[in-house]
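Structural overview
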Amino acid sequence: MEQLSRRHPLQNPPGHALRRLRRSEEGAVLVEFALVLPMMLLVFAVIIEGSRLFYSYQTTISGVRDAARYLARVVPANICIAGGTVTAHTGKLTTIVTQSVSGSSMLPSGVTVTSVTPSFSCFPGTYRGGGNAAVAQVTATITVTFPFGAVFSLFSGTLPTLTTTVTDQSRIFGA
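Residues numbered from 1 in each chain as written. Predicted model: local features only at pLDDT ≥ 70, side-chain atom pairs only at ≥ 80, totals over all residues. Heavy atoms only, no water.

In this section: the sheet that holds strand β1 (residues 111-123). Here we have three strands laid out as an open sheet, ordered β1-β2-β3, and antiparallel in their pairing. Sheet topology places β1 and β3 (162-171) at the edges, where each strand pairs with a single neighbour. Geometrically, the sheet is characterised by an average inter-axis angle of 15° between neighbouring strands, direction not taken into account. Relative to strand β2 (residues 133-144), β1 is paired through 12 bridges, and the arrangement is antiparallel. Bridged to Cys122 within β2 is Ala134. (Pairing = 2+ DSSP bridges. Helix = DSSP H or I, 4+ residues; strand = E, 2+ residues; numbered from the N terminus. Axes fitted to C-alpha atoms, helices over the stretch in contact; angles between N-to-C directions.)

Dropping the structure here:
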């Protein structure tokens, strides 16, 4: 059998270690992961924040719609003729917009309802069931702060708080 000659590492020509290091693929996966990780974090943060925003907005729309229906049932049908206000119902409407039937908050953390404003309008004309048509309107203002907003600072961007309003109307049929 032929014996392989082994050289001592100090006997290798200069530059041999550099060539060997250049050809070595050890750690390549780690370098690739380090390059891809920021983009993966950004995609993850966008997905999470987008879904939270969509869920919050849909929940608020549902709550405002239920509040407008409630207001249309508790306000007298002749409010356009007799006059009156609907501001006495603001507390109950805020509860309808923000809480579930069990009393727990329907909105995720970082989403707050800053105001709920009830109002009504009278539309003159000849409508079925009476002369004027009274329409109840509920408007809610929500503010959203993004918990993953710090991830966007890695890419020299920030997510400011988002404020929007949701409005729904319903015909007043009275109590």
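This part takes up the nonpolar core. The biggest cluster of nonpolar side chains holds 23 residues, and the ones touching the most others in it are Leu71, Val97, Val116 and Val138. Top element by residues in this core is β2. It accounts for six residues. Setting aside chain neighbours within four positions, we find Val97 in contact with Gly63, Val64, Ala67, Met106, Val113, Val116 and Ala140. (Core = buried A, V, L, I, M, F, W, Y, C linked by side-chain atoms within 4.5 Å. Buried < 20%, exposed > 50% of the residue type's maximum accessible area, 1.4 Å probe, protein only. Contact = heavy atoms within 4.5 Å.)

This part covers a nonpolar patch on the surface. Side chains of Leu30, Val31, Phe33, Leu35, Val36, Leu37, Met40 and Leu41 sit close together on the surface and give an oily, nonpolar patch of about 750 Å² of accessible area. Tracing the backbone shows Leu30 in helix α2 (residues 28-74). For Leu30, a relative accessible area of 62% gives the class exposed. (Patch = residues over 30% accessible without salt bridge, like charges linked within 9 Å, V, L, I, M, F, W, Y side chains within 5 Å. Areas by Shrake-Rupley, 256 points an atom, 1.4 Å probe, with all protein chains shown as cover. Salt bridge = Lys/Arg side-chain N within 4 Å of Asp/Glu carboxyl O.)

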